[in-house]
Amino acid sequence: MSSGEESELIWLRPEHSGRGPRPAHTRASIARAAVDIADREGLDAVSMRKVAAELGAGTMSLYNYVPKKEHLFDLMLDLLAGEYDLPEQPSGDWRADLTLLAHQLRAVLARHTWATTLITHRPGLGPNGLRVTEYHLAALAETPLDGPAKMEAFSQLTGYVCQFTDWQQRSAAAGHRWLTDLVRYLQTATATGQYPHLAAALTQSAAPPAPDTTFERGLQRLLTALVAA
């Protein structure tokens, strides 16, 4: 890469040259300010201008640290990856280790409800993300999966947690009326006789389980499928 060519990945750019005065800010402090804004106001509210105001800095000065908004998003995601509290090594029980990863990601997303959008649209692997990925791969080291299948399992596990969390958040935002209307619509549809399998499934269904129960049941089914594939 030539010196005039700007990398699409901030991780390929040195944080500072080591020459000149000590930088007034760090990537971590900039990412923290952006995350705080997103937590308060949502992801759409994040801008270099607002981050600069949060830090008491000039907007243009931040571009010396973070040249593009996409870089800022990468820094934000990696800061969240730093919230995982993982042991130094997996336990040796791959199912328990991946269950731990899934629950920790769900907890991160509960604290930062905007993050599913970034993870699903612009996934990234900064230093903290690499640590989480290495843990996942180490947990699967003794399984029959090859390298590509292990990486696919990581994406599928992350996708499941993000999808479930996004569904739960949207359902909560829609409120009780949405669920009531959905039940009424399904009752009307199945009463036509055109959907006998759906009617049978709904007839066999008890009251909807708690979200935690649904999440855990789906997670364990996914883990079984991932390693059996």
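Residues numbered from 1 in each chain as written. Predicted model: local features only at pLDDT ≥ 70, side-chain atom pairs only at ≥ 80, totals over all residues. Heavy atoms only, no water.

**Digging into the nonpolar core**
Nonpolar side chains in soluble globular proteins tend to be buried together.
Then, in step 1: Grouped together as the largest cluster of nonpolar side chains are 54 residues, with contacts concentrated most on Val46, Val51, Val66, Leu72, Met76 and Trp114.
Then, in step 2: Broken down by secondary-structure element, the contributors of at least two residues to this core are helix H1 (27–41), helix H2 (48–55), helix H4 (69–81), helix H5 (94–111), helix H6 (115–121), helix H7 (127–139), helix H8 (147–174) and helix H11 (211–228). (Core = buried A, V, L, I, M, F, W, Y, C linked by side-chain atoms within 4.5 Å. Buried < 20%, exposed > 50% of the residue type's maximum accessible area, 1.4 Å probe, protein only. Helix = DSSP H or I, 4+ residues; strand = E, 2+ residues; numbered from the N terminus.)

**Structural notes on the packing of H8 against H11**
Then, in step 1: Packing of H8 against H11 leaves a shortest axis separation of 11 Å and a crossing angle of 160°. One element, H8, and the other, H11, form an angle in the roughly antiparallel class. The handedness of the crossing between H8 and H11 is right-handed. Residue-level inspection shows Ala153, Gln156, Leu157, Tyr160, Val161, Phe164 and Gln168 of H8 in contact with H11, the latter providing Pro211, Thr214, Phe215, Gly218, Leu219, Leu222, Leu223 and Leu226.
Then, in step 2: Tallied by class, residues from the contact of H8 with H11 come to 11 nonpolar, 4 polar and no charged. (Axes fitted to C-alpha atoms, helices over the stretch in contact; angles between N-to-C directions. Parallel < 35°, antiparallel > 145°, perpendicular 65-115°, else oblique. Left-handed = near helix turned anticlockwise from the far one by under 90°. Contact = heavy atoms within 4.5 Å. Nonpolar A, V, L, I, M, F, W, Y, C, P; charged D, E, K, R; others polar.)

**Quick notes on H8**
Then, in step 1: In a regular helix each residue adds 1.5 Å, so 28 residues correspond to 40 Å; H8 covers 41 Å between its end C-alpha atoms and thus fits that length.
Then, in step 2: Within H8 the residues assigned to the buried category are Lys150, Ala153, Phe154, Leu157, Thr158, Tyr160, Val161, Cys162, Phe164, Thr165 and Ser171.
Then, in step 3: N-cap assignment for H8: the residue whose side-chain oxygen lies 2.9 Å from the backbone N of Ala149 is Asp146. (Expected span 1.5 Å × (residues − 1). Polar contact = N/O pair within 3.5 Å; in protein donor to acceptor, adjacent residues only side chain to side chain.)

**Here's the deal with the pattern of salt bridges**
Then, in step 1: Across all of its chains, the model carries 9 salt bridges by this definition.
Then, in step 2: Close ionic contact of Arg122 with Asp74 constitutes a salt bridge, the shortest N to O distance being 2.8 Å. Of this pair, Arg122 sits in the loop between H6 and H7 while Asp74 sits in helix H4; the two residues are 48 residues apart in sequence, bridging distant segments of the chain.
Then, in step 3: The exposure class of Arg122 is partly exposed, given its relative accessible area of 22%.
Then, in step 4: Glu83 is the partner of Arg111 in a salt bridge, and the nearest nitrogen-oxygen pair spans 2.9 Å. (Salt bridge = Lys/Arg side-chain N within 4 Å of Asp/Glu carboxyl O.)

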